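# Structural description and commentary
For reference, the chains in residue letters:
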Amino acid sequence: MSQWSQVQQLEIKFLEQVDQFYDDNFPMEVRHLLAQWIESQDWEAASNNEPMATILLQNLLIQLDEQLDRVSQEKNLLLIHNLKRIRKLLQGKYHGNPMHIAVIISNCLREERRILAAASMPVQGPLEKQLQNSVVSERQRNVEHKVSAIKNSAQMTEQDVKYLEDLQEEFDFRYKTIQSLEQGDKNSVLMKQEMVMLQEMLNTLDYKRKEVLSKMTQVINESDVLMNNMLLEELLDWKRRQQIACIGGPLHSGLDQLQNCFTLLAESLFQVRRQLEKLDELLTKLTYDGDPILLQRPHLLERVNFLLYNLFRSSFVIERQPCMPTHPQRPMVLKTLIQFTVKLRLLIKLPELNYQIRVKATIDNNRRFVLCGTHVKAMNMDESANGSLSVEFRHLQPKEMKSSAGSKGNEGPQMVTEELHSISFETQVSLYGLTIDLETSSLPVVMISNVSQLPNAWASIIWYNLLSKDSQNLGFFNNPPTATLSQLLEVLSWQFSSYVGRGLNSEQLNMLAEKLMGQQISYNDYQLSWAKFCKV
């Protein structure tokens, strides 16, 4: 039975999960019509091999053409229309980047296998439950709603600033007209009335200035609360889901939604910043005792700049963790002198930044390793199918520095698979007079010098990402925490499904539990130490 046939037989709660990761990037209609052909191709290998990905994309389009011929004979108008649209969509989206569709299809097939594995579990694992609850959280919907509201408020304030500018121009014209008159004319009844009118206009100007500043303050306050209480929490939640996905868990989604929120918030803050600059222009033309612009503008500008600094720093993320193309299911295990890939994204997508941000990659500062290959690249919107502002390093190689005591040609000290390292990235953004230094780091990686070390290294990666929410705890294995049996069995079932296409059944899970604990144990929260896990 094909994998797709098994998926279609799942319960509705699992089918709803399947529905979440099929969209216009890879429509479910294609998956359904070409099920057997899709499953017979090596999409995982193609995701790191451009010539192979190009051939597979061409063959996919040929397969769709054949399906079009078939449905045309059946005169199925709706299906004909949808297939033509889908074919045009796929060709336009992936013609310049065929490896991207290979990645998407490979991930979809992998996620199907994981869901099939979860469905076969005697009980749903704790991580699975936790992640399902956070996929479409109430907080995420609130964030999207509040970001839109802030954007609308900033645009409304734009109209208020324009009205204030027009009102001040009218006041300035009338005031200069009076100043140009002869002294005798200034004492006339008409001029006295005009002076009363000017005073009323000045009072209105003062009121409107206070009103505009109050609205700006409200936008800034709402942006502050949104960013620190909700948006950054969503980002942390995404990073945790990414950790779990790296060790075989559910695919992490939601980065595009986060990008939209980060971008809209940045645009709103830049708009408020421009409004404050316009108020400064108005201030140079007219000021008076108790002028609210003079009193409030410096503090508001400082707050806006501070929010923008923090927003940009948080928006620089690792979209795809370091991984050797030869071992796509073992991310964060890197072999010396073997190339690995890693992708970064700036969640603030502004056209002005395209090709303007150069990112530098380095390895942690213990001087034991250096990175060879192209380690400086510019972020751009052209390489990603979804147009995100990103950069992908594809030719980095870790190299171990020769020991000062070692002879020429000998490797340095033996690799320790519990020794964690970090790939760091830094850049600088200059925009609208702001200069912001950005830096981020990968999840901890394990270095190996021989593929025989891969199993132990991968065990370290599993243990770390299963139990640590701290993305930079390089001293984790100095005192590693214990794992519950239910957590570990769930992850081991994910590992099995990534290779075999199905998860472990009750009998197999019980057998593993007995092997791990040394006795027959039911599913409970029995604690297993790292030292004991390493001995199994």
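Our structure's up above, just so we're on the same page.
A few points on the structure. All values reported here derive from a predicted model rather than from experimental measurement.

Reading the values: the criteria
- Residues numbered from 1 in each chain as written.
- Predicted model: local features only at pLDDT ≥ 70, side-chain atom pairs only at ≥ 80, totals over all residues.
- Heavy atoms only, no water.
- Buried < 20%, exposed > 50% of the residue type's maximum accessible area, 1.4 Å probe, protein only.
- Helix = DSSP H or I, 4+ residues; strand = E, 2+ residues; numbered from the N terminus.
- Pairing = 2+ DSSP bridges.
- Phe/Tyr/Trp six-rings, centres within 6.5 Å; stacked < 30°, edge-to-face > 60°.
- Salt bridge = Lys/Arg side-chain N within 4 Å of Asp/Glu carboxyl O.
- Axes fitted to C-alpha atoms, helices over the stretch in contact; angles between N-to-C directions.
- Polar contact = N/O pair within 3.5 Å; in protein donor to acceptor, adjacent residues only side chain to side chain.
- Contact = heavy atoms within 4.5 Å.
- Parallel < 35°, antiparallel > 145°, perpendicular 65-115°, else oblique.
- Left-handed = near helix turned anticlockwise from the far one by under 90°.
- Nonpolar A, V, L, I, M, F, W, Y, C, P; charged D, E, K, R; others polar.

## Regarding the pairing of strand β9 (residues 423-431)
- In β9, alternate side chains face the same way, and those of Ile-423, Phe-425, Thr-427, Val-429 and Leu-431 are buried while those of Ser-424, Glu-426, Gln-428 and Ser-430 on the opposite face are not.
- For strand β4 (residues 358-363) and β9, the ladder comprises four bridges, and the chain directions are antiparallel. Each bridged residue has a counterpart across the sheet, and for Lys-360 the counterpart in β9 is Glu-426.
- Judged from the eight bridges that link them, β9 and strand β10 (residues 434-441) form a sheet pairing that is antiparallel. When the sheet's bridge partners are listed, Glu-426 is paired in β10 with Glu-439.
- Hairpin connection between β9 and β10: a loop of two residues separates the two successive antiparallel strands, and Tyr-432 in this loop has a positive phi of roughly 55°.

## Considering the packing of aromatic side chains
- Counting across every chain of the model gives 14 aromatic pairs.
- The interplanar angle of 35° and the centroid separation of 5.7 Å between the aromatic rings of Phe-393 and Phe-425 together place this pair among those described as tilted. A residue pair is termed long-range when its members are at least 10 positions apart, and Phe-393 in strand β7 (residues 389-400) and Phe-425 in strand β9 qualify at 32 residues. A single burial state applies to Phe-393 and to Phe-425, both of which are buried.
- Considering the side-chain rings of Tyr-464 and Phe-476, the 4.9 Å spacing of their centres and the 70° angle between planes classify their relative orientation as edge-to-face. Taken together, the positions of Tyr-464 in helix α15 (residues 454-467) and Phe-476 in the loop between α15 and β12 (483-484) put the pair 12 residues apart, joining distant regions of the chain. Each member of the pair, Tyr-464 together with Phe-476, is buried.

## Some remarks on the pattern of salt bridges
- Applying the stated rule across the entire model yields 25 salt bridges.
- In this structure, the salt-bridge partner of Lys-208 is Glu-211, at a minimum N-O distance of 3.1 Å. Of the two residues, Lys-208 and Glu-211 are both situated in helix α12 (residues 189-246); the distance of three residues between them amounts to about one turn of the helix.

## Side note on the sheet that holds β7
- Sheet architecture is open: four strands sit in the order β1-β3-β7-β5, paired in antiparallel fashion. In this open sheet, the two strands that pair with only one neighbour each are β1 (316-323) and β5 (369-372). Sheet twist, expressed as the average angle between the axes of neighbouring strands with direction ignored, equals 35°.
- Sheet topology note: the β5/β7 ladder contains four bridges and is antiparallel.

## A few points about the side chain of Ser-47
- Checked against the element boundaries, Ser-47 lands in the loop between α5 (43-46) and α6 (50-74).
- A distance of 3.4 Å separates polar atoms of two side chains, one belonging to Ser-47 and the other to Asn-48.
- Setting aside residues up to four positions removed in sequence, Ser-47 forms contacts with Met-99, Ala-102 and Val-103.

## A word on the packing of helix α10 (residues 138-179) against helix α13 (residues 255-285)
- Two elements in contact, α10 and α13, have axes separated by 9 Å at closest approach and are oriented at 20°. Looking at the two axes, α10 sits roughly parallel to α13. Handedness of the crossing formed by α10 with α13: left-handed.
- Across the contact of α10 with α13, the residue classes break down as 12 nonpolar, eight polar and seven charged.

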